[in-house]
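# Structure at a glance
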Amino acid sequence: MPRAFAAPADPVVLVTAADENYVRGAAATVRSAIASLPRGWPLRVYVLDGGITPASRWKLRLSWRRRGVQLRWLKPNLPPLGDLEVSGHVPVSTYLRILLADMLPADVSKAIYLDADTIVDR
């Protein structure tokens, strides 16, 4: 029988980055993390938004609804990434994690970053 853990006082902080091309991957990544957390554990999700349409944001919000889950969108300031190489298979959203420390609120001291093509098993 799996051991039960008490819910932490502070939420688990999860961060992912995506643009419109990685919406489905981000949806699966965060959904799998939500499903892997024990019931009652608070989760705060930050999405580094590299260009997600309002319609896709709405679908993600619906997919990730669960009691105790907070969702926040962070729109990055892209000019600092302007000199990085971008190609057909390496979009600018690949580099958004570089801006993570400057984008998260001051009250976040640690976070779990997951690429938008990762599945959480447990």
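Residues numbered from 1 in each chain as written. Predicted model: local features only at pLDDT ≥ 70, side-chain atom pairs only at ≥ 80, totals over all residues. Heavy atoms only, no water.

### Quick word on the layout of surface pockets
One number sums up the size of the largest pocket: a volume of about 240 Å³. Every residue lining the largest pocket is listed: Asp10, Pro11, Val12, Val13, Arg44, Asp107, Val108, Ser109, Lys110, Ala111 and Ile112. For the lining of the largest pocket, the residue count by class is six nonpolar, one polar and four charged. (1 Å grid on protein atoms, 1.4 Å probe; cavity = no way out; pocket = protein on both sides within 12 Å on 5 of 7 lines; lining within 4 Å. Points joined across faces, edges and corners; volume = space filled by probe spheres on them. Nonpolar A, V, L, I, M, F, W, Y, C, P; charged D, E, K, R; others polar.)

### Some details on the nonpolar core
Counting residues in each nonpolar core, the largest one holds 21 residues, and the members touching the most others are Leu14, Leu43, Val45, Val47 and Trp64. Within the residue set of this core, elements represented by two or more residues are strand 1 (12-18), helix 1 (23-36), strand 2 (43-49) and strand 3 (69-74). For this core, the leading source of residues is helix 1, giving six residues. In contact with valine 45, other than residues within four places in its own chain, are Leu14, Val30, Trp64, Val69, Gln70, Leu71 and Arg72. (Core = buried A, V, L, I, M, F, W, Y, C linked by side-chain atoms within 4.5 Å. Buried < 20%, exposed > 50% of the residue type's maximum accessible area, 1.4 Å probe, protein only. Helix = DSSP H or I, 4+ residues; strand = E, 2+ residues; numbered from the N terminus. Contact = heavy atoms within 4.5 Å.)

### Quick look at helix 1
Here helix 1 spans 20 Å end to end across 14 residues, near enough to the 20 Å set by a 1.5 Å rise per residue. Three or more residues of helix 1 are buried, namely Val23, Ala26, Ala27, Thr29, Val30, Ser32, Ala33 and Ile34. Looking at the buried residues of helix 1, the elements they touch are strand 1, strand 2, helix 2 (54-63) and strand 3. (Expected span 1.5 Å × (residues − 1).)

### Focus on the side chain of threonine 16
As for its position among the elements, threonine 16 is in strand 1. A relative accessible area of 1% means that threonine 16 is categorised as buried. In terms of polar contacts, threonine 16 uses its side chain to reach the backbone carbonyl oxygen of leucine 114, at 2.8 Å. Filtering out sequence-adjacent residues up to four positions away, threonine 16 remains in contact with Ala26, Val30, Tyr46, Val47, Leu48, Tyr113, Leu114, Asp115 and Ala116. (Polar contact = N/O pair within 3.5 Å; in protein donor to acceptor, adjacent residues only side chain to side chain.)

### What to know about the sheet that holds strand 2
Here four strands make up an open sheet; going across it, the order is 3-2-1-4 and the pairing parallel. Unpaired on one side and paired on the other, strand 3 and strand 4 (112-113) mark the two borders of the sheet. Two strands pair when backbone bridges link them, and strand 1 and strand 2 are joined in this way by seven bridges, in the parallel orientation. Paired with leucine 14 across the bridge in strand 2 is valine 45. (Pairing = 2+ DSSP bridges.)

### Notes on the pairing of strand 1
Of all seven residues in strand 1, seven are buried, a share of seventy percent or more. Across the two faces of strand 1 the burial is the same, with Val12, Leu14, Thr16 and Ala18 and Val13, Val15 and Ala17 all buried. In terms of strand pairing, strand 1 meets strand 4 through two bridges, oriented parallel. Following the sheet pairing, leucine 14 is matched in strand 4 by isoleucine 112.

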